[in-house]
Structure formats: C-alpha cells, structure tokens
Amino acid sequence: MSARRKLVVGNWKMHGSHPANAELLSGIMAARPFAADVAVCVPFPYLPATALSLIDSDIRWGAQDCSAHKQGAYTGEVSSTMLAELGCRFAIVGHSERRAMHGESDQLVADKALAALGQGVTPIVCVGETLAQREAGETAGVVKRQLSAVIHTLAHCVSEMVVAYEPVWAIGTGLSATPEQAQEVHQLLRAQLQAATPRAEQMKLLYGGSVKPDNAAALFAKPDIDGALVGGAALKAVDFVAICRAAG
Ligand code: PGA
C-alpha cells in the first residue's frame, strides 16, 4: 500500500430528504474515527443542513457539480464562491452522468475544476470510458484525453485536484472493474500526472463504479488506488462505513 492517506467520498446523486440525510449522517458520525479521510457530496439544497451536522467533525462535505462561471446570468447554476461560502471542501466535476446527460465537454469540465480551485474547493475530476470504448480498445486514449484537458487548464495547480477513475460501464451496474483493471488505468493516469507535476506521487486517485463493502478492500490494496467515489453504497450508513473502514 502507498503512503498516501486514503479518501472515501460518498456521491449521493439526486437522492435524499432531510430526515433520511439526518439518519445517514448520524450513522456515519457514530462510526468515527476513521483512519481514512471521509466526505459526502450531497445535492445543493442539502448543503447547509449537512454543513451544520458535520461542522464539528472531521468528515468533509461537498457538491456534485460547480459552475465554470464566477457569477451572472446563468440560471440554475451554482458558483464555486457559493460552495466555498457553505464550507464545501470538494466539488465533483465531470461525472459521466453530467458528461452524458448535460453534454459537458472535456474543456468545460476543466474550466469547472479551475473555478472550484480558485475558491479553495478541491475538484474531484471524473474520467472514464464507456463499455463500447473499452471493447474497442480505446480506454487509455479516452481517459488520457479527458485528463489532459484538465492538466492544461489547471497548469501549475494540477496537483491540487483529486482524480476519480469511473468506468461508465461500472457505475450503478453492480459490475465493478476488477482491482487489476482499475489499477491498470490508475497507473496510466499517475504516469500522465507525473509528466505534468513533480507532486503526482502525492495526488489522490479514486476509483468509482459499484464499490461495495465486499470489493472495497481488494481495490484499496492496489498501489495507485487511493480511495473511492461511492454512489449507491453511500446511501446506507452500514455500507458506507464498511467501505470507509476498508480504507483504514
Ligand atoms: P455507484 O456510483 O457506486 O452507484 O456505481 C459511483 C458514481 O457514480 O460515482
């Protein structure tokens, strides 16, 4: 295992309600302390209540997206300044659901990452190939292209981001990448980062896509897998806590 401290981030997607969130968060809080860093990325409207629940703990919170713009006539968007005001430590950017359903380009994702960093919010930049791309042997090319836009845009701040490798075919399908498949891509991404920054060794590369209590430890045992971005299993305190413990 590497010396990098693990990071486990829950991505709640568009799930939750005030009572359900309170129960989930208290279940996570009750299981502390964790040896890994732990965070939850919640829907925008739940950020204030989440912040209040977690403020006295070492569990961080964040958003699932962030505008590339500072302010202005962008109906429905939320700026990184607003996220910073709410104490967000993280903002997921470029999740495959946003790339696919909202047409987000590599450059837009990179601009969002830059906007987040500008306010001290750490972007968790998601990259990953579809099943068709994997079957066509395009995995390396796709993830490198996606990461390269962010590397160029962040320039000297590259090492400040977190990268999440999330193969699209593994998200929400119960079909996780094997630890070997994930490690292979993480190693590629680390090499690409090494060419861009002397701090690549300290950067966290998360794996996401059907991470569950029963497969987390094997994924975390790989040298370039520094934690997880967890969707479905982040909605149940027992499962999320088990994944956080597997990272300890
Ligand atoms: P999943 O989602 O764990 O439900 O596969 C992961 C993600 O989309 O971040």
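Only a predicted model underlies this, so the values are computations on that prediction, with no experimental measurement involved.

Procedures and definitions
- Residues numbered from 1 in each chain as written.
- Predicted model: local features only at pLDDT ≥ 70, side-chain atom pairs only at ≥ 80, totals over all residues.
- Heavy atoms only, no water.
- Core = buried A, V, L, I, M, F, W, Y, C linked by side-chain atoms within 4.5 Å.
- Buried < 20%, exposed > 50% of the residue type's maximum accessible area, 1.4 Å probe, protein only.
- Helix = DSSP H or I, 4+ residues; strand = E, 2+ residues; numbered from the N terminus.
- Contact = heavy atoms within 4.5 Å.
- Arc of directions from axis to C-beta.
- Axes fitted to C-alpha atoms, helices over the stretch in contact; angles between N-to-C directions.
- Left-handed = near helix turned anticlockwise from the far one by under 90°.
- Nonpolar A, V, L, I, M, F, W, Y, C, P; charged D, E, K, R; others polar.

Draft legend 1. Layout of the nonpolar core. Judged by nonpolar contacts, the single largest core of 67 residues is most densely connected at M161 and L193. Here this core gets 6 residues from one element, more than from any other, and that element is helix α7 (residues 139–154). If sequence neighbours within four positions are ignored, M161 has contacts with T122, P123, V125, L147, V150, L154, L193 and M203. Residues V9, A39, I92 and I124 belong to the second largest nonpolar core, which totals 12 residues.

Draft legend 2. Inspection of helix α10 (residues 237–246) at higher detail. Among the residues making up α10, those that are buried are F240, V241, I243 and C244. In a view along the axis of α10, the buried residues occupy a sector of 160°, so they form one face of it. Turned more than 90 degrees away from the buried face of α10 sit V238 and R245, all of them exposed. Looking at the buried side of α10, the elements it contacts are β1 (7–11), α1 (18–30), β2 (37–41), α9 (213–220) and β8 (227–230).

Draft legend 3. Structural view of the packing of α7 against helix α8 (residues 179–194). Where α7 contacts α8, the two axes come as close as 10 Å, and the packing angle between them is 35°. For the crossing formed where α7 meets α8, the hand is right-handed. Each of T139, A140, V143, K144, L147, S148 and I151 in α7 lies in contact with α8, whose residues at this interface are V185, L188, L189, Q192 and L193. Of the residues in the contact of α7 with α8, the class split is 8 nonpolar, 3 polar and 1 charged.

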